[in-house]
Amino acid sequence: MRILSGIQPSGTIHIGNYFGMIKKMIESQDDGQGNRELFAFIASYHALTSVKDKEFLQKNIFEAAVNFLALGMDPEKSTFWVQSDVPEVLELYWILSNHTPMGLLERAHSYKDKTAKGINANHGLFSYPVLMAADILLFDSNIVPVGKDQIQHVEMTRDIAATFNHTYGDILTIPEHKIDTVVQSVPGTDGAKMSKSYGNTIDMFGTKKGIKKQVMKIVTDSKELEDIKEWDSCNVYTLCQLFMSDDELVELQKRYATPGEGYGHFKLTLLDKINEHFSPFAQRREHYLNNPDEVKEILAHGASKARKIAQEKLKIIRDAVGLNY
Ligand code: ADP
Ligand code: TRP
């Protein structure tokens, strides 16, 4: 079973990205029994739809690689590369474009949301789901771990693949998406979906002071120390659920129900949990940050593995549509 996912290098990754997608991806690595293989890439072509600054993009690609490696991406077990190092995907993108109805793209939430916010749409942004379909279909992916907002794109991929197969026979593998039932959407400090575009994120690897500032910003109701508080509607509690065991959560519920503590105390508990969770990865992150050549070598090795598979699949697709004569 092949599992594939990508992440855009368009800004600092946050705990929403981690619990929504990165963690699941890392956990999907080879189980030692050869039942699954993980394909993971940094979606550099996709990032061009929003990033128009050369140095910023270069820095983000490198940092995304460093973060993934620090969080446990194992380049021996998995295939890990930068999307634009395997340009075959662009050829498949063009071929699939001819099997993508305009109406399908016009209905894409991510495109509609962005244009509704006044972002000036270009063709890259509009056709972005076709490139995502090419990413998925080029590698015969079976499962695509993504957060809730990306599910529609995987459904579109299924539609595009089905249309293609209807025309040319059973060439493309139809993927499934995979979403954790507990962690569907991690709330940000304002209670809305955590997103780098909303300025409501909590970082994984910021300075302790920086993360504290973000945690202290979490919006709560205005109950006083002596009031009993409701845990089930509290953003601090929702975020604690990501880091705590069931026993720890029962303890925390008792603290909410007992007068004497305020939201500031619960926020400090959350802060400790965040630091405790990510500090083991921080050391490995430092290592990769200080050894860029090692990171580049890992990525080059990943790209060459991915490229071999991409070229084989593309040959089958070119044959099927009549481009090989
Ligand atoms: P952002 O919204 O910060 O720009 P991206 O769109 O780059 O994040 O998302 C990268 C991955 O992380 C996607 O698979 C997405 O579904 C997931 N993700 C992003 N934000 C969240 C969140 N708040 N909760 C759960 N998953 C998320
Ligand atoms: N569109 C995804 C995002 O913004 C990133 C992505 C690109 C992706 N290609 C993909 C995710 C293929 C899964 C599979 O998060």
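Heads up: the structure comes first, above all this text.
Report follows, based on the coordinates. (Residues numbered from 1 in each chain as written. Chains lettered and ligands numbered in written order. Predicted model: local features only at pLDDT ≥ 70, side-chain atom pairs only at ≥ 80, totals over all residues. Heavy atoms only, no water.)

## Here we look at the overall build of the protein
Step number 1: When you go through the protein residue by residue, the secondary structure sums to 13 helices and five strands.
Step number 2: Computed over C-alpha atoms, the radius of gyration of the protein comes to 21 Å, within 12% of the 20 Å expected from 2.2 N^0.38 for 325 residues, which places it in the range of a compact globule.
Step number 3: Seen through its principal axes, the protein has C-alpha atoms that stretch 80 × 45 × 40 Å.
Step number 4: Every one of the 325 residues in the protein was classed for burial, and the buried ones make up 48%.
Step number 5: Long-range pairs, those at least 24 residues apart, make up 76% of the contacts in the protein between residues at least 6 apart in sequence.
Step number 6: Taken as two groups, the 37 positive and 43 negative side-chain charges of the protein have centres that lie 3 Å from each other. (Helix = DSSP H or I, 4+ residues; strand = E, 2+ residues; numbered from the N terminus. Rg over C-alpha atoms; globule rule 2.2 N^0.38 Å. Buried < 20%, exposed > 50% of the residue type's maximum accessible area, 1.4 Å probe, protein only. Contact = heavy atoms within 4.5 Å. Lys, Arg positive; Asp, Glu negative; His and termini not counted. Charge placed at Lys NZ, Arg CZ, Asp CG, Glu CD.)

## Looking at the site of ligand 2
Step number 1: Around ligand 2 sit 14 residues, and of these Gln-8, Tyr-128, Met-132, Asp-135 and Gln-150 come closest.
Step number 2: Between ligand 2 and Tyr-128 there is a distance of 2.6 Å, counted from a nitrogen atom to a side-chain nitrogen or oxygen.
Step number 3: Here Gln-150 contributes a side-chain N or O atom positioned 3.1 Å from a nitrogen atom of ligand 2.
Step number 4: Taken by itself ligand 2 offers 370 Å² of open surface, and the protein chains cover 91% of this.
Step number 5: Of all the secondary-structure elements, those providing two or more residues to the shell around ligand 2 are strand 1 (2-7) and helix 7 (123-138).
Step number 6: Top element by residues in the shell around ligand 2 is helix 7. It accounts for four residues.
Step number 7: The residue inventory of the shell around ligand 2, partitioned by class, reads eight nonpolar, five polar and one charged. (Near = heavy atom within 4 Å. Polar contact = N/O pair within 3.5 Å; in protein donor to acceptor, adjacent residues only side chain to side chain. Areas by Shrake-Rupley, 256 points an atom, 1.4 Å probe, with all protein chains shown as cover. Nonpolar A, V, L, I, M, F, W, Y, C, P; charged D, E, K, R; others polar.)

## A look at the site of ligand 1
Step number 1: Of all residues adjacent to ligand 1, which total 16 residues, the nearest are His-14, Asp-149, Val-186, Ser-195 and Lys-196.
Step number 2: Contacts to ligand 1 include Asp-149, whose side-chain N or O atom sits 2.5 Å from an oxygen atom.
Step number 3: Here a nitrogen atom of ligand 1 and a backbone polar atom of Met-194 are 3.0 Å apart.
Step number 4: If ligand 1 stood free it would expose 540 Å²; the protein chains cover 91% of that surface.

## Structural notes on the packing of helix 4 (residues 88-97) against helix 7
When two helices pack together, their arrangement is given by the angle between the helix axes and the distance between those axes.
Step number 1: Their axes nearest at 8 Å, the elements helix 4 and helix 7 cross at an angle of 110°. Judged by the inter-axis angle, helix 4 sits roughly perpendicular to helix 7. Between helix 4 and helix 7 lies a crossing whose hand is right-handed. On helix 7, the residues that touch Glu-88, Val-89, Leu-90, Leu-92, Tyr-93, Leu-96 and Ser-97 of helix 4 are His-123, Ser-127, Val-130, Leu-131, Ala-133, Ala-134, Asp-135, Leu-137 and Leu-138.
Step number 2: The residue makeup of the contact of helix 4 with helix 7, split by class, is 11 nonpolar, three polar and two charged. (Axes fitted to C-alpha atoms, helices over the stretch in contact; angles between N-to-C directions. Parallel < 35°, antiparallel > 145°, perpendicular 65-115°, else oblique. Left-handed = near helix turned anticlockwise from the far one by under 90°.)

## Structural notes on the pairing of strand 2 (residues 37-42)
Step number 1: Burial of strand 2 is extensive: five of the six residues sit out of reach of the surface.
Step number 2: Across six bridges, strand 1 lies against strand 2 in parallel orientation. Looking at the pairing, Ser-5 lines up with Ala-40 of strand 2.
Step number 3: Handedness of the strand 1-helix 1 (residues 15-27)-strand 2 crossover: right-handed.
Step number 4: With four bridges connecting them, strand 2 and strand 3 (residues 79-82) associate as parallel partners. Paired with Phe-39 across the strands is Thr-79, a residue of strand 3. (Pairing = 2+ DSSP bridges. Right-handed = clockwise from strand over helix to strand, strands pointing away.)

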